[in-house]
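Residue-level structure breakdown
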Amino acid sequence: MKDNSHFDPAPAPGDSVRKTTCYMCACRCGIDVHMKGDEVAYIEGNRDHPVNKGVLCAKGAAGIMQHNSAARLHAPLKRVGERGEGKFEEIDWNEALTLVSERLGRIRKTDPKKLAFFTGRDQSQSFTGYWAQQFGTPNYAAHGGFCSVNMAAAGIYTIGGAFWEFMSPDWENAKLFLLFGTAEDHDSNPIKLGLARLKERGAPVIAVNPIRTGYNAIADEWVGVTPGTDGLFVLSLIHCLLKAGRFDLDYLSRWTNAPCLLDGDPKSDTYGLILRDEGGRPLVMDRASRKPRPWNAAGVKPDLSGRWRHAGITHASVFLTLADRYLSDDYAPEAVGPKCGLDPAQIHRTAARIAHAAFDQSWDHPQDWTDFRGEHHSHVTARPVSIHAMRGISAHSNGFQTARAIHLLQVLIGAVDVPGASRFKPPYPKSAASHPRPHADTHAGQPLDGPHLGFPMGPEELLLDDAGAPLRLDKAFSWENPISVHGLMHMAISNAYAGDPYKIDTLFLYMANMAWNSSMNTQAVMEMLSDKDENGDYVIPFIIHADAYSSETVAFADIVLPDTTYLERHDCISLLDRPISDPDHAGDAIRWPVVAPDRNVRPFQSVMVDLANRLGLPGFVEGGQPLYTDYAEYMQMHERRPGVGPLAGWRIGETALTDGRGEPNEGQIEQYIAAGGFKTYQVPKPARYMKPFNTAWWEWSQKMGFTDAPTPYLFELWSEPLRRFQMAAEGVGERQPPEHLRARMRLTHDPLPIWYPPLEDGHADPVEYPFYVLTQRPAAMYHSWGGQNPWLRQIHAENVLYLPTKLWEAEGFEEGDWARVTSNHAEITVPVAHMAALNENTVWTWNAIGKRRGAWALSPKAPEATRGFLVNHLIHELLPEKGDGLRWSNSDPVTGQAAWFDCRVKVERVPRSRVSHPAIAGQGSPVGQGPHMVARSTGRTDLVPSLADRIRGWMKR
């Protein structure tokens, strides 16, 4: 018998394990990195981690191939060809940093706003924002204006938190789960775990999405709405609930501004605003005294249907105004269904299921707590309806009001921060009023006067000069987009190119593939980046790009600063930024260099610390001496406020180490590493529910450093900031918008959630362009990064445009066919396929699959570069001109959210092709082309040749 005693059926993948945080998407899962010597051998999920509990998706497992990617940049680069060609020479770090610091130094000494610094999928925005503030430029923003600012702004202005980042469904207790506009790319592992728990318990799932893939495919009921009508569908649900009397009177009267009295005097300068006492406190009609009293007065019993007759004027409650609007037959399912592409019966049925779960399946959860009025409670009423939403509702020009409508639905049934509902994740909740205001006051050689991004409460806080012109390059916080709390990254390049509102000197990008899939109007954006003026100079004078990989945007840079991979650097997943909290625990985490770089690259954040030291930026340099040598030291020693730094764990207290507030600790990172790369902080049991109104929550929040003082608030169903902007458009106040924006602002800045058609519907003829074209990011890809990963490419190496059955049959499409897809801006020619589970007014594809030839170290013949395509070419960053000489940003008029999903198209069958169009000219690759095969064994070395031979044999087949 053959001796197999040496055979180990389950060999250890490595000889040591290093625990850190994944960066293959934005979930921030914990990972165990198995090492073989000093090389990464295998990555699996960390079973002790609070985010993923050991689960790891395809992206996370493929992190080893991302780390070993052939597309990794090797050294700093200086352009030697024309922009876009991808021709560079390698330079050393001293030359690169000297060139950059000298240029930035000149800008800072003369006019700091000439630097535009925009970051993409950067997970250290509290750091990059702080750097830009200390530099003094107002022109900083990150990815959120593309992705989810409508949700973030709507949530914070309405309830003090938002889906995904700041809230979580109660997976353990929900009796009904509604999913709006969610594909498989965001929060994927937590959602998969949560959906599994719901299915295990038999809790029904309702998915609202024009496309039925992934999460939507396993839902118990699919609501296939026409794109851009989600908000109308939700308002119809609200109509049904109000008409049936299925809403939580007690919750509305105690915890929202529904009982607050509105100024009913049309002649008043505060008409439509909430009445207040001399101290500025909102007034409600007290049921006991029948008099107006402050909302937070001890013993007050707010009356939802309150009216106050005073000086001949009747002032009515917000709730009466709300009910009057949504009880209108305009919101009845019979009127709304056809506009949404739905059977009215499905709207009635969904409303009935919500009511049944919220009220018939409710219970009293025991919890002793005291509210802000000093009233003690022995329980919290469960309303077990959880909701989650993502980009599908956000990326529309009506997305802000749609997100507000969803929050109104939650509040109406009392399903926010109670058992079974959506719950806040620390450090939230925080009302909009408790956030900073935006700042843009620049002075040569000085820091900006405050944080770039914030939450304006009215026109007086817009960032405008004395003539009313925007102070920011992207026109954030201007009359065009007043509440653009994440900025308008998608407008940075086109505005810089147009010199509107002013010209810049240097565009500095980090992790932002702005020349390709992170922009609308891709081909034109590439032309803007490479265009020259009549003197032969580039219109955008200088471009710095920092990235770990040879992306499409690298080809357009004058200087390239090569970043490390996420396994080679320190990162901070901070409570100042985007932590790893859940409703019952605050949490933060780190990344650390589990392996040393084998290239001449440096961590971007450490490079920014170096630049700050060279430039002498305040907050980084004191008395001529650097405060930090690198980002790791910044993570440990920086204090944003006294006692509050990037990491909350293991800080130095008066007598021992402490969590939350405390002095910096030079050994902090080592303690995180020893603990598995993360730390959690348990929310005290009395503080776990009803956080905005709960004194125990505010006490703990101060202890942890989330807030400096208790700031309880009411949920704002009636938004006074929106009303103030609407009043300005009506001609009230010192600051008023230009005439051409007034009608739009009066409509879109309604203080109650409304629905209006996507703005492109007013430009693109719906008969000529009958379909909406959408993109979704697949579960196995994260923006464009995954497209160069050998493992992930096997899942998505090319894409097709999916067509609904009605279109497929009407045009006689067959398998393998191609189509010309035309918008009112451009056209593409692409392969198509049939999909039955699709709204009949919708065509769609996976995003970030198509690549430019020469990028990402891929072969020019790679399917991503030949058949793969983007629909971005079809979408313009500006709406078409309508005869008045004006072109507005193709964005939500409230927040500036890029309206990716408003684009209308027509689809025509064309002869089959081998290459999708437009076929953009290729670019050079500073890293060459990747190998045909990558193979390595972590077991016996004498098996490697035979293993490689086998793989080659399989490849030949």
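Attention here is on the structure that accompanies the text. Quick caveat, the model's predicted, so the values are computed rather than measured.

Calculation criteria
- Residues numbered from 1 in each chain as written.
- Predicted model: local features only at pLDDT ≥ 70, side-chain atom pairs only at ≥ 80, totals over all residues.
- Heavy atoms only, no water.
- Pairing = 2+ DSSP bridges.
- Helix = DSSP H or I, 4+ residues; strand = E, 2+ residues; numbered from the N terminus.
- Axes fitted to C-alpha atoms, helices over the stretch in contact; angles between N-to-C directions.
- Phe/Tyr/Trp six-rings, centres within 6.5 Å; stacked < 30°, edge-to-face > 60°.
- Buried < 20%, exposed > 50% of the residue type's maximum accessible area, 1.4 Å probe, protein only.
- 1 Å grid on protein atoms, 1.4 Å probe; cavity = no way out; pocket = protein on both sides within 12 Å on 5 of 7 lines; lining within 4 Å.
- Points joined across faces, edges and corners; volume = space filled by probe spheres on them.
- Nonpolar A, V, L, I, M, F, W, Y, C, P; charged D, E, K, R; others polar.
- Contact = heavy atoms within 4.5 Å.
- Salt bridge = Lys/Arg side-chain N within 4 Å of Asp/Glu carboxyl O.
- Arc of directions from axis to C-beta.

The strand order S23-S24-S29 describes an open sheet built from three strands, whose pairing is antiparallel. Each of the sheet's edge strands pairs with one partner strand only, and the pair in question is strand S23 (571–573) and strand S29 (678–682). Taking the axes of each pair of neighbouring strands and ignoring which way they run, one obtains an average angle of 10 degrees across the sheet. Where strand S24 (residues 585–591) meets S29, five bridges bridge the pair, whose relative direction is antiparallel. Across the sheet, Gly-587 pairs through a bridge with Thr-680, a residue of S29.

This part covers the packing of aromatic side chains. Tallied over the full model, the rule gives 36 aromatic pairs. Both rings, one in Tyr-631 and one in Tyr-634, keep their centres 5.7 Å apart while their planes meet at 20 degrees; by these two values the pair is stacked. Taken together, the residues Tyr-631 and Tyr-634, both in helix H19 (residues 631–637) and three residues apart, mark about one turn of the helix. Taken as a pair, Tyr-631 and Tyr-634 share a single burial class, namely buried.

Here the focus is the sheet that holds strand S1 (residues 16–21). If you trace the three strands from one edge of the open sheet to the other, you get S1-S2-S3, paired in antiparallel fashion. Both edges of this open sheet fall to S1 and strand S3 (39–45), since each of them pairs with a single strand only. Across the sheet, the axes of successive neighbouring strands diverge by a mean angle of 30 degrees, strand direction being ignored. Relative to S3, strand S2 (residues 30–36) runs antiparallel, the two being bridged by six bridges. Among the inter-strand pairings, Ile-31 is bridged to a residue of S3, identified as Gly-45.

A separate point is the layout of surface pockets. Of the voids in this model, the largest pocket is the one considered here, and its volume is about 1,400 Å³. Forming the boundary of the largest pocket are 49 residues, of which Tyr-428, Lys-430, His-435, Pro-436 and Leu-576 lie nearest the centre. For the lining of the largest pocket, the elements supplying multiple residues, two or more each, are helix H4 (125–135) and helix H6 (149–158). Here the lining of the largest pocket takes five residues from H4, the largest share from any one element. Partitioning the lining of the largest pocket into residue classes produces 25 nonpolar, 17 polar and seven charged.

In this section: the environment of Asp-547. Its place among the elements puts Asp-547 in strand S21 (residues 542–547). The class of Asp-547 is buried, set by a relative accessible area of 4%. What Asp-547 contacts, discounting residues up to four positions off in sequence, is Leu-73, Met-511, Val-554, Leu-561, Pro-562 and Asp-563.

For the coordinates displayed, the defined rule picks out eleven cavities of 30 Å³ or more. Within this model, the largest cavity holds a volume of roughly 170 Å³. In this structure, the largest cavity is lined by 20 residues; those nearest its centre are Gly-181, Arg-391, Gly-392, Gln-776 and Phe-901. Of all elements in the fold, only helix H14 (391–394) and strand S30 (771–776) reach the threshold of two or more residues within the lining of the largest cavity. If one sorts the elements of the lining of the largest cavity by residue count, S30 sits on top with three residues.

Turning next to the pattern of salt bridges. Between side chains of opposite charge, pairing is possible as soon as their charged atoms come close. This model, assessed by the stated rule, comprises 51 salt bridges. Of the charged contacts, one joins Asp-248 and Arg-383 as a salt bridge, the two residues approaching to 2.9 Å between their closest N and O atoms. A residue pair is termed long-range when its members are at least 10 positions apart, and Asp-248 in the loop between helix H9 (230–244) and helix H10 (249–255) and Arg-383 in the loop between strand S17 (376–382) and strand S18 (385–389) qualify at 135 residues. Judged on exposure class, the residue Asp-248 and its partner Arg-383 are both buried. When the shortest N-O distance is used, the salt bridge between Glu-908 and Arg-820 registers 3.5 Å. Taken together, the residues Glu-908 in strand S35 (residues 904–910) and Arg-820 in strand S32 (residues 818–822) connect sequence positions 88 residues apart. Here Glu-908 falls in the partly exposed class, since its relative accessible area comes to 29%. Through salt bridges with shared partners, a single network forms among Arg-72, Glu-568, Asp-598 and Arg-599.

Bringing helix H11 (residues 318–326) into the picture now. Along H11, the residues classified as buried are Val-318, Phe-319, Leu-322, Ala-323 and Tyr-326. Buried residues along H11 cover an arc of 125 degrees about the axis, so they all sit on one side. Contacts made by the buried residues of H11 are with H9, H10, strand S15 (313–316) and helix H15 (399–412).

This next bit is on H4. Side chains three or four residues apart in an α-helix point the same way, a direct result of the helix having 3.6 residues per turn. Of all eleven residues in H4, eleven are buried; the element is thus mostly enclosed. When we look at burial in H4, the residues that qualify are Gln-125, Ser-126, Phe-127, Thr-128, Gly-129, Tyr-130, Trp-131, Ala-132, Gln-133, Gln-134 and Phe-135. Against the buried residues of H4 lie helix H3 (93–110), strand S6 (115–119), strand S7 (140–141), helix H18 (604–615) and H19. Backbone geometry just downstream of H4 places Gly-136 in the positive-phi region, at approximately 110 degrees.

Remember, this is a structural readout, not a statement about activity or role.
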